[in-house]
Each structure stands twice: as structure tokens, then as C-alpha cells.
Amino acid sequence: MASASSPAPVAAHGVAPLRAGQGYSFILRRLHSLSGIVPVGAFLFEHILISNSTAITGPDAYARQVSFLANLPLVFFLELFGIWLPILFHALYGFYIWYRGDGNTVAYPWSGNWMYTAQRWTGGIAFFYIVWHTYTMRFTGNDLHDNPAGSFAKVQAEVHNPWLLAFYVVGLICASWHFAYGIWLFAAKWGIVSGDKAQQRLLRVCLGFFMLLAVVGLVSLYTFRERFQEPPSPATNIVDTRPATATNGRPVQ
Ligand code: HEM
């Protein structure tokens, strides 16, 4: 028998889709969301899984990769418009979203709420890490675009300082989590993957991707710190704390 009373409202759950009709805010939210995947996420993928992982093969392979990147045409403008400005936009608008407290989960189930918070903190920590990492690697000490051969030694000198190594590990894990879970958020918000089952499957794929980024990044850091001891690069801005007995230029594994 049909009831005359209206049905009880069903609590929506999951990630709210980005909806049109909110003026500039809608466009900026879409741009923020998209910039997390392209170009910022694409750059992170390249940086961890392609460029830095070549260090695992040794200083020569790493120098060749740095030299390849440094010699790309109009490299300064590629960096400016393809990396720095998009990261700056994504980060500043991300802090604004955080400050405004705009929810990305509708009914705040425990795991969604936890991940919502983690998405903000990992982004915030990654921001300070990225600013510091870009400043020291790109704008101080040995200029790696002029001297790619010194690139392995420059990173090595940094990660021999235990505090800096800890900062690298935290920055790597935060950026990897933020990007991997961000892919899931992106797919949910743009309606690319809808339906509980499909979203759960995608979440597992994203967690696997997080593990891949984190493990490859950690193995690269281990390589910089423990293997292939290189002579210190000229004019490095980091105090070199490596043991004096290291065998220069030869693997010590
Ligand atoms: C390592 C560089 C970064 C990458 C690869 C990245 C990537 C992403 C991706 C893919 C998303 C999901 C897009 C979406 O929500 O639809 C996202 C979301 C987000 N990002 Fe980033 N991001 C980075 C840095 C940052 C920084 C530095 C902040 C500053 C706080 C930040 C704040 C946020 C926030 C608040 C969200 C969630 C937006 C929402 O819930 O609507 N991100 N990011």
C-alpha cells in the first residue's frame, strides 16, 4: 500500500561531485582539481618514477638524465609554466579550500573524514618541502643545469644529514599519498568512476600506486645515501657529513 508521507531522506555519502553554476568558484575548483593531475601530478610521476629512479643505476645514469632535462628547449619557461606556476596555483588555492573548510565528503564516514584531513595535511607539508627542495636544489650551490655531473653528489651531500634525510622521507611520503589519493578524489569528483564497487576498486589501485611511488622514492634515497660514494660537488651549500673513508666514485654496496 502506498504511503502518503514523503520518504525519509537518505544520507548521501562519498565525495561530492564538482557542480556547475557556482560562478568563478566552480571554474577555480575544476582548475585546482585538474592541475593536481596535469601538470603537477604528471610532473611528480616523472620526477619520482623516471628521473630520480635512474640514480639507482648510478651517478653516470643520473647525470645523463639531469643533462637531458637541463637541455630541453626553453627549459626555464617549461619549468615556469609547466611546474612552478601550476604548483603555486594548486597550493595557494588548496590552502584557501582548507581555510574555507569546503568539504569533499558529504556524510563524513570515518575513513572519508580521515582521508579528507590527510589530503589537506599532506598537501600542506608537501608545500613546505617543495619550496625548500626547489630552493636548495635549483637556486643554491652547484647549478645542476651547468654541471649535471655534480648532481648525484649534491643530492648525496644533502641526504647524509640525518635531519635533511628525515625531511626528504616525510616530503616524499606526503607528496606520494597526496597524489595517489588525489587521483581517486579526481575520478570521483569528475564522475569518471561512480558506484561504490568501482570506487572501492579504484581506491585499492590508488593505494598500490602510493606504495609504488613511496618504495621507488625510498630506494632512490637509499641509493643516494649509501651507495656510489661521490666526491663532494663544488660550492655545495650543505655541510658534507659523509665519512672521510668513503671510496670516491666507486660503489660501496
Ligand atoms: C606534490 C604536489 C601536489 C600534487 C601532485 C597534488 C595533486 C592533487 C590531486 C591529484 C588532487 C585531487 C584533485 C581533486 O581534489 O579533485 C589534489 C587535491 C588537493 N590538493 Fe593537491 N597536489 C599537490 C600539492 C598540494 C599542495 C602543496 C597543497 C596545499 C595545501 C594541496 C592542496 C590540496 C587540497 C586541499 C586538495 C583537496 C581539494 C578538495 O577537496 O576539493 N595540494 N591535489
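Cut-off values and rules
- Residues numbered from 1 in each chain as written.
- Predicted model: local features only at pLDDT ≥ 70, side-chain atom pairs only at ≥ 80, totals over all residues.
- Helix = DSSP H or I, 4+ residues; strand = E, 2+ residues; numbered from the N terminus.
- Buried ≥ 20, exposed ≤ 12 C-beta atoms within 10 Å, placed from the backbone.
- Contact = placed C-beta atoms within 7 Å.
- Near = placed C-beta within 6 Å.
- Nonpolar A, V, L, I, M, F, W, Y, C, P; charged D, E, K, R; others polar.

Examining the overall build of the chain
No. 1: The helix and strand inventory of the chain stands at eight helices and zero strands.
No. 2: When the helices and strands of the chain are listed from N to C terminus, the series reads α-α-α-α-α-α-α-α.
No. 3: In the chain, buried positions account for 25% of the 253 residues.
No. 4: Long-range contacts, defined here as pairs at least 24 residues apart, represent 77% of the contacts in the chain between residues at least 6 apart.

Considering the site of the ligand
No. 1: Around the ligand, a shell composed of 27 residues is seen, among which S33, G36, G94, G123 and G182 lie nearest.
No. 2: Going through the elements one at a time, α1 (23–37), α2 (40–51), α4 (75–100), α5 (110–139) and α7 (162–189) are the ones with two or more residues in the shell around the ligand.
No. 3: The biggest single contributor to the shell around the ligand is α7, with eight residues.
No. 4: Here the residues of the shell around the ligand sort into 14 nonpolar, eleven polar and two charged.

Examining the environment of L49
No. 1: Checked against the element boundaries, L49 lands in helix α2.
No. 2: The partly exposed category is assigned to L49, around which 15 C-beta atoms lie within 10 Å.
No. 3: In this structure, the C-alpha to C-alpha distance between L49 and L213, residues 164 residues apart in sequence, is 6.8 Å.
No. 4: Among residues more than four places away in sequence, those in contact with L49 are L213 and V216.

Treat this as a map of the structure, not an account of what it does.
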